[in-house]
Amino acid sequence: MERAEDCLISSSGMNTATTMLMALVPAGGHIVTTTDCYRRTRQFIQTVLPKMGITASVIDPADIQALQEALDTHEVSLYFSESPTNPYLRCIDIPLVSRMCHEKGALVCIDGTFCTPINQRPIELGADIVIHSATKYLAGHNDVLAGAICGTEDVVSKVKQVHNVLGGVVDPHAAYLVLRGMKTLELRVERHNKNAMALAEVLEKHPRIAKVHYPGLKSHPEHEIATKQMSGYGGVVSFEVDGDLETTSKFIDSCRLPYIAPSLGGVETLIEQPTVISYWDQGPEMRAKLGIKDNLVRFSCGIENFDDICEDVLQALDKI
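Described in the following lines is the structure provided in the data block. (Residues numbered from 1 in each chain as written. Predicted model: local features only at pLDDT ≥ 70, side-chain atom pairs only at ≥ 80, totals over all residues. Heavy atoms only, no water.)

Before going further, it helps to examine the sheet that holds strand β3 (residues 55-59). The mixed open sheet is built from seven strands, whose spatial order is β1-β7-β6-β5-β4-β2-β3. Single-partner strands in this sheet number two, and they are β1 (6-10) and β3. In this sheet, adjacent strand axes meet at a mean angle of 20° when their direction is disregarded. Across four bridges, the pairing between strand β2 (residues 30-34) and strand β4 (residues 76-82) is parallel. When the sheet's bridge partners are listed, isoleucine 31 is paired in β4 with leucine 78. This element, helix α6 (residues 153-166), spans β1, β6 (129-133) and β7 (147-151) of the sheet and lies at about 25° to β1. (Pairing = 2+ DSSP bridges. Helix = DSSP H or I, 4+ residues; strand = E, 2+ residues; numbered from the N terminus. Axes fitted to C-alpha atoms, helices over the stretch in contact; angles between N-to-C directions. Contact = heavy atoms within 4.5 Å.)

What follows is the structure, encoded as structure tokens:
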């Protein structure tokens, strides 16, 4: 589906990401990554890779000048970013970034978990590698852990060599569950896209919502980029409630349809407050430094009837 030469399935998305980074970045190497990303990926890049002498430039997803400066200043081995990113759904200009990195001999890896190959194929846009947390949309039923890396045979073979040492082998039943999920991937993603777009439009007009983050909205900073390289905008909508941490928690607790859980991409709708679920061990100053606001909500639209999703969100907003 990614139009790649080869693919390796592993036991989780994080196993895929960490194995890829250790396989493709040499000791003493340098990577470029983006500010908005999955917390555990950032943690690995900033705390584990430095033990191997690997350094990183962390830039805003849209800061092309900062990318050029990093490429000119360092011998960059790899550019690595999600697109869309987590949780603010920023979008990378993949063709432009790929051209810039390739001119300096750097590989480009895009984490395509949030968009799936139904909505976007980074390799066709110029990237060298695509990784997925197959736990999310590819499997699609919130009942399995798996990861995947797609790319050229040469690149994937290097990752396989490290993977053989580290383990992270996906078990047969998990592989079966991923295959089962992919049979309905296109159908599910179409519904995810439709529900999320409709919800984003409703939320953007609601007086109790301060801001909505969704690539399908014209208000999104990379809306034009997303429109050029994506056929759909994904099932996740992030938004900021007009209130503080407690008000936002009350809204989430008032929702009756979604499960409160940190995953995404399954047939059931999930909701989470990143401050509470993912960054509970970080103080206000550190959360602010990372851009995680107390009033931020990440909403993963499932494939339920949209009227049911919308009605539930609106009744919850009425209670704050």
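We now examine the nonpolar core. One finds Leu203, Val212, Tyr214, Val237, Phe239, Phe251 and Phe299 to be the most contacted residues of the largest nonpolar core, which totals 47 residues. Those elements that place two or more of their residues in this core are α7 (172-182), α8 (185-204), β8 (209-213), β9 (236-241), α10 (245-254), β12 (296-300) and α13 (306-317). The element best represented in this core is α8, accounting for seven residues. When residues no more than four places from it in sequence are discounted, the contact partners of phenylalanine 299 are Leu199, Gly235, Val236, Val237, Phe239, Pro258, Thr269, Leu270, Ile271, Ile309 and Val313. Of all hydrophobic cores here, the second largest spans 20 residues; its members include Val25, Ile31, Ile131 and Ile149. (Core = buried A, V, L, I, M, F, W, Y, C linked by side-chain atoms within 4.5 Å. Buried < 20%, exposed > 50% of the residue type's maximum accessible area, 1.4 Å probe, protein only.)

Our next topic: the pairing of β12. Buried residues dominate β12, accounting for five of its five residues. Because side chains alternate across β12, one face comprises the buried residues Leu296, Arg298 and Ser300, and the other comprises Val297 and Phe299, equally buried. When β9 meets β12, the two strands line up antiparallel, connected through five bridges. What sits directly across from phenylalanine 239, in β12, is valine 297.

We describe a pair of aromatic rings using the distance from one ring centre to the other and the angle between the two ring planes. This structure, assessed with the given rule, holds three aromatic pairs. Where tyrosine 214 meets tyrosine 233, the ring centres are 6.2 Å apart and the plane angle is 70°; that geometry is what we call edge-to-face. Here tyrosine 214, found in the loop between β8 and α9 (223-229), pairs with tyrosine 233, found in the loop between α9 and β9; they are 19 residues apart in sequence, far enough to count as distant. The pair formed by tyrosine 214 and tyrosine 233 is uniform in burial state, with each residue classed as buried. (Phe/Tyr/Trp six-rings, centres within 6.5 Å; stacked < 30°, edge-to-face > 60°.)

What follows covers the side chain of serine 133. Following the sequence through the fold, serine 133 ends up in strand β6. Among the polar contacts made by the side chain of serine 133, one reaches the side chain of lysine 136 at a distance of 3.0 Å. Beyond its immediate chain neighbours, meaning those up to four positions away, serine 133 contacts Gly13, Thr113 and Ala146. (Polar contact = N/O pair within 3.5 Å; in protein donor to acceptor, adjacent residues only side chain to side chain.)

Let us look at unusual backbone geometry. Of note, the amide linkage connecting serine 83 to proline 84 takes the cis form, showing an omega dihedral of 0°. Checked against the element boundaries, proline 84 lands in the loop between β4 and α4 (94-103). Along the chain, asparagine 86 connects to proline 87 via a cis peptide bond; the corresponding omega equals 10°. In this model, arginine 3 sits at a positive phi of 60°, which is unusual for a non-glycine residue. Within the fold, arginine 3 resides in the segment before β1. Phi angles above zero are rare outside glycine, and leucine 89 is one such case at about 60°. Inspection of the secondary structure assignment puts leucine 89 in the loop between β4 and α4. With a relative accessible area of 2%, leucine 89 lands in the buried category.

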